[in-house]
Amino acid sequence: MSQQTKYLLDESQMPKFWYNIQADLPQPAPPVLHPGTHQPVGPDDLAPLFPMDLILQEVSTEREIEIPEPVRDIYRLWRPAPMYRAHQLEKALGTPAKIFYKYEGVSPAGSHKPNTAVPQAFYNAKAGVKRLTTETGAGQWGTSLAFAGSLFDLEVLIFQVRVSYDQKPYRRAVMETYGARCLASPSTETVFGRSVLEQRPDHPGSLGIAISEAVELAAQRDDTKYALGSVLNHVLMHQTIIGQESMLQMEMADLWPDVVVGCTGGGSNFSGIAFPFIGHGLRGGPKPRIVAVEPAACPSLTRGRYAYDFGDTGHMTPLTKMHTLGSTFTPPSFHAGGLRYHGMAPLVSHLKELNLIEATAYTQGECFAAGVLFARHEGIVPAPEANHAVKGAIEEALRCKREGRSETILFNLCGHGHFDMTAYQKYFAGELVDEAYDEAELAMALAGLPSVA
Ligand SMILES: *Cc1c(COP(=O)(O)O)cnc(C)c1O
């Protein structure tokens, strides 16, 4: 048998619909609540922040939602994305497992994020919106929205978490190249940012704070809306093009995964690869194990509480039921900036409660070691976030070796690490410390969760 390495789809095979897992859930996810009344929110409550097309997608229970033609035209710049078999890594590990990875680093931004940035910019432009505000951690989401905004002639204002703003100057240069404006968060341009800086002038920032700043500005102006790069149902749905393509590519390989692995920050790239497989299983198909991998320093799925919480630190968002470390929790400054979020997508959290997915956590050092091994055998230098998925897949492959099983493992290589080389330099210099989160701070953040009857 030939040792095929690369699985490519024709443009004509690119999916025409996003997959909505809400159509196939054995029970619906708990409702989103208004922060004041604790009653379920309706579409109108969300209208100040999002265009109606996206709000309707957020609450839809239709299984397939058509990808508009202008979005498909842009997707074709890099999609369908390749899937590879990691023959060299398999050999290095001496595993009988077959390891496949879907590569999302081929997008202009270098990650999966443009899969949702493009449709979000499209629907906002269609609704007559002139300006988008958003947050970004490592800069992947900011880069993606800046790129999408430039295509649809939208102004984009980005609050970048302070630590990442300082650690990754090239990311800001890319965002500015696409025409976006980038501010370090906490900033002095919002009421909330100023209040945080007053308490702690050297605050490293967090995604929760940056979200509050972006929401605050969007809520003030009619021509301005807010865009979120993860967590929300419609964002996860836009990413399902990843898993749908992967299903076609697994068919090309004449195999089906026994295990699907993804890293989780807010949960979007994980959902993108996993939801189509989970849905297929819920409709009677094979049921692969689905493994979410998160950082040990910000472990919402493995250590968080399943409870109603705010999506942001300033408590401006609705309440969603999710695995959370508490909205005031500030994770330590590790390098996978995209995974430094206190909560987990409500749909991913719900699936965890239904035991339809598993979760594990690894330290930053373990994940970089896995990423370096991967780079040396497969050639691609993964993003620090993606290293968590690489680590998860390697652990599954080593388990297969111990158990003498030739399982098929599929993981999402959600982005490349070309803008993260300072982190790799630090790793090689032995300067990457595995900073643990503060248990007392976690306890305090959890004690401060809103009480919802
Ligand atoms: C943003 C980002 C993540 C984390 O976000 P998810 O919504 O959990 O996918 C992970 N990997 C990369 C490369 C990212 O850019």
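Residues numbered from 1 in each chain as written. Predicted model: local features only at pLDDT ≥ 70, side-chain atom pairs only at ≥ 80, totals over all residues. Heavy atoms only, no water.

## Points about the packing of helix 12 (residues 241-252) against helix 13 (residues 268-282)
Item 1. Contact geometry of helix 12 with helix 13 gives a least axis separation of 6 Å together with a crossing angle of 65 degrees. Crossing of helix 12 over helix 13 shows right-handed handedness. Residues I242, G243, Q244, S246, M247 and M250 of helix 12 touch helix 13, and the partners they reach there are G272, I273, P276, F277 and H280.
Item 2. Here the residues of the contact of helix 12 with helix 13 sort into six nonpolar, five polar and no charged. (Axes fitted to C-alpha atoms, helices over the stretch in contact; angles between N-to-C directions. Helix = DSSP H or I, 4+ residues; strand = E, 2+ residues; numbered from the N terminus. Left-handed = near helix turned anticlockwise from the far one by under 90°. Contact = heavy atoms within 4.5 Å. Nonpolar A, V, L, I, M, F, W, Y, C, P; charged D, E, K, R; others polar.)

## A few points about the site of the ligand
Item 1. Looking at the ligand, there are 16 residues lining it, with K113, S230, G265, S268 and N269 nearest.
Item 2. Between the ligand and G267 there is a distance of 2.9 Å, counted from an oxygen atom to a backbone nitrogen or oxygen.
Item 3. Here an oxygen atom of the ligand and a side-chain polar atom of N269 are 2.7 Å apart.
Item 4. With the chains in place, 97% of the 380 Å² that the ligand exposes on its own is no longer accessible.
Item 5. In terms of residue class, the shell around the ligand is made up of three nonpolar, eleven polar and two charged. (Near = heavy atom within 4 Å. Polar contact = N/O pair within 3.5 Å; in protein donor to acceptor, adjacent residues only side chain to side chain. Areas by Shrake-Rupley, 256 points an atom, 1.4 Å probe, with all protein chains shown as cover.)

## A look at helix 8 (residues 169-177)
Item 1. Where helix 8 is concerned, the buried positions are R171, V174 and M175. An end-on view of helix 8 places all buried positions within 100 degrees of arc, on one side of the element. Of the residues in helix 8, the exposed ones pointing more than 90 degrees away from the buried face are Y170 and T177.
Item 2. Summarising the contacts, the buried residues of helix 8 are in contact with strand 6 (131-136), helix 6 (140-151), strand 7 (155-161) and strand 8 (181-185).
Item 3. Phi for G179, located one or two positions after helix 8, is positive at around 95 degrees. (Buried < 20%, exposed > 50% of the residue type's maximum accessible area, 1.4 Å probe, protein only. Arc of directions from axis to C-beta.)

## Remarks on the sheet that holds strand 8
Item 1. One open sheet holds the four strands; their spatial order is 8-7-6-9, and the pairing between them is parallel. Each having just a single partner strand, strand 8 and strand 9 (224-226) make up the two edges of the open sheet. Adjacent strand axes in the sheet meet at a mean angle of 25 degrees, parallel and antiparallel pairs treated alike.
Item 2. The pairing of strand 6 with strand 9 spans three bridges and is classified as parallel. Bridge pairing in strand 9 places R131 opposite T224. (Pairing = 2+ DSSP bridges.)

## Focus on helix 5 (residues 114-126)
Item 1. Given a rise of 1.5 Å per residue, 13 residues ought to cover 18 Å, and the 18 Å separating the end C-alpha atoms of helix 5 matches this to within 8%.
Item 2. In terms of burial, helix 5 is largely enclosed, as eleven of its 13 residues are buried.
Item 3. Buried residues of helix 5: P114, N115, T116, A117, V118, P119, Q120, A121, F122, Y123 and N124, and no others.
Item 4. Just beyond helix 5, the residue with positive phi is G128, at close to 85 degrees. (Expected span 1.5 Å × (residues − 1).)

## Re the pattern of salt bridges
Side chains that carry opposite charge are capable of pairing whenever their charged atoms lie near each other.
Item 1. The final tally for this structure, using the stated rule, is 25 salt bridges.
Item 2. Here D53 and K126 are joined by a salt bridge, their closest N and O atoms 2.6 Å apart. With D53 in helix 2 (residues 52-59) and K126 in helix 5, this residue pair connects regions lying 73 residues apart in the sequence.
Item 3. In this structure D53 comes out as partly exposed when scored by relative accessible area, which is 29%.
Item 4. Overlapping salt bridges bring together R289, E358, E396, R399, E403, R405 and E407 as one network. (Salt bridge = Lys/Arg side-chain N within 4 Å of Asp/Glu carboxyl O.)

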